Amino acid sequence: MDNNKDKEKIMEIVNKEKYKEAKTVRKIVFITTAIIFLLLAGILTGGYLYIHSALKPVDPDSKQEVQVEIPMGSGTSAIASILEKNRVIKNALVFKYYVKFKNETDFQAGTYLLSPSMTMNEIITSLKTGSVYKKAALSIPVPEGLRLTEIAGIIAKKTDYSTEEIVNTVNSPEFIKKAMETYPELITEDVLNENIKFPLEGYLFPATYSFEEKKPPLEEILLAMIKKTNDVVEKYRIDLESKGITVHQLLTLASLVEEEATNEADRKTIASVFYNRMETGMPLQTDPTVIYAIGEHRDRLTFKDYYEVVDPYNTYLNSGYPPGPIAGSSEMSIEAALYPASSDYYYFLATPKGEVLFSKTLEEHNEKYAQYIQSNQSNK
């Protein structure tokens, strides 16, 4: 009996020791994990701050100009090292990956006058154009979702050209021919469809355009906008061809998405609704095309607008794509039109709060319309 008691005491002591040991191990694991987590957090935070700083100008207030020689055949790594050595950038490695991330290429050899006050983008612009960077004498910001006539109005406010002169130029057969010859893979015979209101509608990309001249030729301004569209579309050329979608169709659908959507997720799903409808022969029935057909903005459309405005752009009366784009599209909308979400939706509506609601059936759509649209109108 005594032996059994002794064994029990020994086991009790052993178990207590094991418990203490396990507790100690847990503490060590916890402390080690916490330290590793803090170290990783510190490294990530430090890395972010370091890169964020490295992307900024070396000295934003500097008036100094540095002569920098870029030899023939210099790769990105060599150029980055030269710039860092001349103290035009803070870090060669950050510059190298920044250039890679932005897919910048075609840097030109030559002698440049660069400044520590220049941003990464300004330096890249100089190296790509082969010219010394100069502060823009003219800047024209073009927002997304604007019609050609609205873009013309923006250009007119920034220049001495009138809106009428700009519209007439961009619609002239001479300029259209020049644009087609300059960018033949972007601007095709599709823009010459007799039903199109403005042949180059949707081909003037929304972006901010900078010019070294205070009064650049009008065609230079317009061709810069078309070039930007060409540069963006060119990135998707392979996928366009594999999917059998023309550039004109892509820009047309992207413009509808641009006019209907507010955020990225909505854009892809709205694009899926359009594709689902076209596959089954349903008309797109998107209000912005009716407004475009009318030619003036409307806060609300009536049944008469939907079904009595006889126009090729009215997607309530006509199936398939409208004749052409109805506005300038962002790259986000272009991507949505090319890479739509996969869905079974055939209807959508935007609530007064800006939320987009999707439905699979007309019955479901009508219920949402009554709940979110009609009830809101009756409360006013």
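Residues numbered from 1 in each chain as written. Predicted model: local features only at pLDDT ≥ 70, side-chain atom pairs only at ≥ 80, totals over all residues. Heavy atoms only, no water.

Visitor: Tell me what's going on with helix α3 (residues 92-101), and back it up with residues and numbers.
Guide: Residues Ala-92, Val-94, Phe-95, Tyr-98 and Val-99 constitute the buried set of α3. Down the axis of α3, the buried set is contained in an arc of 160°. They therefore lie on one face. The exposed residues of α3 that point more than 90 degrees off its buried face are Lys-100 and Phe-101. You can read the cap of α3 off the contacts: a side-chain oxygen lies 2.9 Å from the backbone nitrogen of Leu-93, and it is on Asn-91. Downstream of α3 by a residue or two, Asn-103 has a phi angle that is positive, lying close to 55°. (Buried < 20%, exposed > 50% of the residue type's maximum accessible area, 1.4 Å probe, protein only. Helix = DSSP H or I, 4+ residues; strand = E, 2+ residues; numbered from the N terminus. Arc of directions from axis to C-beta. Polar contact = N/O pair within 3.5 Å; in protein donor to acceptor, adjacent residues only side chain to side chain.)

Visitor: Lay out the UniProt feature "site: Important for catalytic activity" (unreviewed entry) in the protein chain with the relevant residues and their values.
Guide: In this numbering, the UniProt entry assigns the feature "site: Important for catalytic activity" (unreviewed entry) to Glu-260. One can find Glu-260 in helix α10 (residues 247-260). When near neighbours in sequence (up to four residues on either side) are disregarded, Glu-260 contacts Ile-270, Phe-274, Thr-286, Asp-287, Pro-288 and Phe-348. (UniProt positions renumbered as here; feature names shortened; annotations may be inferred. Contact = heavy atoms within 4.5 Å.)

Visitor: Account for the side chain of Asp-311, with residues named and values stated.
Guide: Position of Asp-311 among the secondary structure elements: in the loop between α13 (303-308) and α14 (331-338). Under the relative-accessibility criterion, Asp-311 is labelled buried at 12%. Looking at Asp-311, its side chain comes within polar contact range of the main-chain nitrogen of Tyr-313, at 2.8 Å. Non-local contacts of Asp-311, meaning those with residues more than four positions away in its chain, are made with Lys-197, Ala-293 and Asn-318.

Visitor: Would you mind going over the nonpolar core in detail, with residue names and values included?
Guide: The biggest cluster of nonpolar side chains holds 67 residues, and the ones touching the most others in it are Ile-140, Ile-155, Ile-187, Leu-200, Met-225 and Ile-226. Here this core takes eight residues from helix α8 (residues 218-234), the largest share from any one element. Not counting residues up to four positions away in its chain, the partners in contact with Ile-187 are Ala-179, Met-180, Leu-200, Tyr-203 and Ile-226. Core analysis: the second largest hydrophobic core is formed by 22 residues, Val-88, Ala-92, Val-94 and Met-120 among them. (Core = buried A, V, L, I, M, F, W, Y, C linked by side-chain atoms within 4.5 Å.)

Visitor: Outline the pattern of salt bridges, supporting the account with residue identities and numerical values.
Guide: Scanning the model with the defined rule gives twelve salt bridges in all. A salt bridge links Arg-298 to Glu-296; the nearest nitrogen and oxygen atoms lie 3.4 Å apart. Residue Arg-298 is classed as partly exposed on the basis of its relative accessible area of 27%. In this structure, a network of salt bridges that share partners links the residues Glu-185, Glu-234 and Arg-237. (Salt bridge = Lys/Arg side-chain N within 4 Å of Asp/Glu carboxyl O.)

Visitor: Explain the packing of helix α6 (residues 163-171) against helix α7 (residues 173-182) residue by residue, including any values.
Guide: Where α6 contacts α7, the two axes come as close as 5 Å, and the packing angle between them is 55°. Comparing their axes, α7 and α6 come out oblique. Side by side, α6 and α7 meet where Thr-169, Val-170 and Asn-171 of the first sit next to Pro-173, Phe-175 and Ile-176 of the second. When the residues that make up the contact of α6 with α7 are grouped by side-chain class, the tally is four nonpolar, two polar and no charged. (Axes fitted to C-alpha atoms, helices over the stretch in contact; angles between N-to-C directions. Parallel < 35°, antiparallel > 145°, perpendicular 65-115°, else oblique. Nonpolar A, V, L, I, M, F, W, Y, C, P; charged D, E, K, R; others polar.)

Visitor: Outline unusual backbone geometry, listing residues and values.
Guide: Excluding glycine, residues mostly have negative phi values, and the peptide bonds linking residues are mostly trans. For Arg-87, which is not a glycine, the phi torsion comes out positive at approximately 60°. Along the polypeptide, Arg-87 turns up in the loop between α2 (76-85) and α3. A residue is classified by how much of its surface remains accessible, and Arg-87, at 65% relative accessible area, is exposed. Phi at Gln-285 is positive, roughly 50°, even though this residue is not glycine. Given the relative accessible area of 28%, Gln-285 is considered partly exposed.

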